[in-house]
Amino acid sequence: MIKIAVDAMGGDYAPLEIVLGAIRAVRDFGVHVVLVGDKDQIEKILKNENEENNELIEIHHASQVIGMDEHPGLAFRKKKDASISVGAKLVRSGECKVLVAPGSTGAAVTAGLLGIGRIPGIERPAILTPLPNEKGEQTFLIDSGASAQPKKETYLQNALLGYVYAKYVANIENPKIGLLNIGEESVKGSPEVTAANKLLSEQKTIPFMGNVEGRYVMTGEYDVVVTDGFTGNVVLKFGEGAGHLFSALIKESVKKGGLRAKIGGWLLKPALKEHLVKRMDYSEYGGALLLGIRGGLIICHGSSKSWAIRNAIKLAKDVAKTDLHEIIAEALKKIEKNDETEC
């Protein structure tokens, strides 16, 4: 049976919310989880939930934790028995297929890079984040935080990583790829982005649709939007802030609109909660996938609670069903040869 490792000590609400999320995932999806962290603390929570004898829940003890305020690289090298380090080793050894890692993004990327290891030929791993779009589906943003100053070849590899994920995990038959830029013209943008556009346009392995402006990221015209980790992270955080602002503006409008507006708001509340707020809530997506490593790693928000962890484990289960790193390795060979055959 496929096993999913979960860093039970990562994030603002560890280990309670992480363990509760794992329990929910086991109940809902029948997935086998390995909780990595302080055994005594984890056992106490499992006993309180009457899950101490559940055969689908294992505990792998780890005595250390990497905090949000620690330098990821230094802490990873120093704390050999940190929960995220031990979880990465479980994936590297093949005992687990995917690691779910709440907490420090830097620590998670370091664990993927040093603990699990890169796919041969991949310059830098990249974080792929799902965004809601106007078509009621998802657009995948890559990179959203792993590599702030990539080479032009890294943009090309990010496009390939996003394409493979969209096709083999999200099951999009012909994923459309766009490069985030300040204009649609190929000559616009920084020298690095202009060079990346040229490189993407010349290759024949994946379907590149050209530059995409920021306002079109969530229209659904593109399945994968490629950028560098700095820009991608700004886009992601700006989107989160815009979502909070939009919610606040709706509440303020209802409050100031008088009795009629309050009645209308009360009638609309269930629909808004189900079809608007839910789609914009990061906890519904669970986490972002680190691609380009020899195994699966889901990076969760530091403030993730049980529902987000539950959904991250569901995503991990879907990823574990595919041999994604092997598909990426084969696709990488094709793009290096500029092979026109389908990935």
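Cut-offs applied
- Residues numbered from 1 in each chain as written.
- Predicted model: local features only at pLDDT ≥ 70, side-chain atom pairs only at ≥ 80, totals over all residues.
- Heavy atoms only, no water.
- UniProt positions renumbered as here; feature names shortened; annotations may be inferred.
- Pairing = 2+ DSSP bridges.
- Helix = DSSP H or I, 4+ residues; strand = E, 2+ residues; numbered from the N terminus.
- Axes fitted to C-alpha atoms, helices over the stretch in contact; angles between N-to-C directions.
- Contact = heavy atoms within 4.5 Å.
- Domains from an automatic or database assignment.
- Buried area = accessible area lost by both parts, 1.4 Å probe.
- Salt bridge = Lys/Arg side-chain N within 4 Å of Asp/Glu carboxyl O.
- Polar contact = N/O pair within 3.5 Å; in protein donor to acceptor, adjacent residues only side chain to side chain.
- Buried < 20%, exposed > 50% of the residue type's maximum accessible area, 1.4 Å probe, protein only.
- Right-handed = clockwise from strand over helix to strand, strands pointing away.
- Core = buried A, V, L, I, M, F, W, Y, C linked by side-chain atoms within 4.5 Å.

- An unreviewed UniProt entry annotates the protein chain as Phosphate acyltransferase originating from Dialister micraerophilus DSM 19965.
- We quote the UniProt Pathway (unreviewed entry) comment for the protein chain here in full: "Lipid metabolism; phospholipid metabolism."
- Listed in UniProt under the heading Function (unreviewed entry), the comment for the protein chain reads: "Catalyzes the reversible formation of acyl-phosphate (acyl-PO(4)) from acyl-[acyl-carrier-protein] (acyl-ACP). This enzyme utilizes acyl-ACP as fatty acyl donor, but not acyl-CoA."

## Description of the sheet that holds strand 9 (residues 224–226)
Working step 1: Reading across from one edge, 3-2-1-4-11-10-5-6-9-7-8 is the order of the 11 strands in this open sheet, with mixed pairing throughout. In this open sheet, the two edge strands, each paired with only one partner strand, are strand 3 (57–61) and strand 8 (208–212). Each neighbouring strand pair of the sheet contributes to a mean axis angle of 25°, computed without reference to strand direction.
Working step 2: Relative to strand 10 (residues 288–291), strand 5 (residues 126–132) runs antiparallel, the two being bridged by 3 bridges. Across the sheet, residue Ile127 finds its bridge partner in strand 10, namely Leu290.
Working step 3: Across the sheet, helix 10 (residues 306–320) lies against strand 1 (3–7), strand 2 (32–37), strand 4 (98–102), strand 10 and strand 11 (296–300), angled at about 155° from strand 4, the strand it touches most.

## Things to note about the domain arrangement of the protein chain
Working step 1: You can read the domains of the protein chain as domain 1 (1–121 + 291–342) and domain 2 (128–281).
Working step 2: Domain 1 and domain 2 are separated by 25 Å when their C-alpha centres are compared.
Working step 3: Taken together, the contacts link 20 residues of domain 1 with 19 residues of domain 2.
Working step 4: When the two sides are added together, the surface that domain 1 and domain 2 hide from each other amounts to roughly 1,700 Å², 70% of it contributed by carbon and sulfur.
Working step 5: Linking domain 1 to domain 2 there are 0 salt bridges.
Working step 6: One can count 1 residue pair in polar contact (both at pLDDT 80 or more) joining domain 1 with domain 2.

## Comments concerning unusual backbone geometry
Working step 1: The amide bond that connects Ala14 to the next residue, Pro15, takes the cis arrangement and shows omega of -5°.
Working step 2: Here the amide bond leading from Ile142 into Asp143 is cis, since omega sits at 10°, within 30 degrees of zero.
Working step 3: Mapped onto the elements of the fold, Asp143 is located in the loop between strand 6 (138–142) and helix 6 (152–168).
Working step 4: In this model, Asn50 sits at a positive phi of 60°, which is unusual for a non-glycine residue.
Working step 5: Within the fold, Asn50 resides in the loop between helix 2 (39–48) and strand 3.
Working step 6: Backbone geometry places Asn171, a non-glycine residue, at a positive phi of 60°.
Working step 7: Take Asn171: it is sitting in the loop between helix 6 and strand 7 (177–180).
Working step 8: On the accessibility criterion, Asn171 (62% relative accessible area) is exposed.

## Here we look at the pattern of salt bridges
Working step 1: Evaluation of the coordinates by the stated rule reveals 12 salt bridges.
Working step 2: When the shortest N-O distance is used, the salt bridge between Arg27 and Glu51 registers 2.9 Å. Of this pair, Arg27 sits in helix 1 (residues 16–29) while Glu51 sits in the loop between helix 2 and strand 3, and the two are 24 residues apart along the sequence.
Working step 3: Note that Glu123 is salt-bridged to Lys151, the shortest N-O span being 3.5 Å. Of this pair, Glu123 sits in the loop between helix 5 (105–116) and strand 5 while Lys151 sits in the loop between strand 6 and helix 6, and the two are 28 residues apart along the sequence.
Working step 4: Under the relative-accessibility criterion, Lys151 is labelled partly exposed at 49%.

## Considering the pairing of strand 8
Working step 1: Burial analysis of strand 8 places 4 of its 5 residues in the buried class, which makes it a mostly covered element.
Working step 2: Judged from the 3 bridges that link them, strand 7 and strand 8 form a sheet pairing that is parallel. The partner of Ile177 across the bridge, within strand 8, is Phe208.
Working step 3: Regarding topology, helix 7 (residues 191–202) serves as the crossover connection from strand 7 to the parallel strand 8, and that connection is right-handed.

## A look at the nonpolar core
Working step 1: Counting 61 residues, the largest nonpolar core has Leu35, Val100, Tyr165, Leu291, Ile298, Ile313 and Leu324 as the members making the most contacts within it.
Working step 2: Among the elements that take part in this core, helix 6 stands out by supplying 9 residues, more than any other.
Working step 3: Mapped onto the domain boundaries, this core takes at least three residues apiece from domain 1 (1–121 + 291–342) and domain 2 (128–281).
Working step 4: Look past the residues within four positions of Tyr165 in its chain and what remains in contact with it is Leu128, Phe140, Ala170, Leu289, Leu291, Leu315, Val319 and Leu324.
Working step 5: In this structure, Val86, Val91, Cys96 and Ile293 belong to the second largest nonpolar core, which totals 28 residues.

## Some details on the environment of Ile42
Working step 1: Tracing the backbone through its elements, the reader meets Ile42 in helix 2.
Working step 2: Since its relative accessible area comes to 0%, Ile42 is described here as buried.
Working step 3: With 22 residues separating them in the primary sequence, Ile42 and Leu20 have C-alpha atoms 10.0 Å apart.
Working step 4: Contact partners of Ile42, with chain neighbours within four places excluded, come to Ala8, Val19, Leu35, Val36, Gly37 and Ile59.

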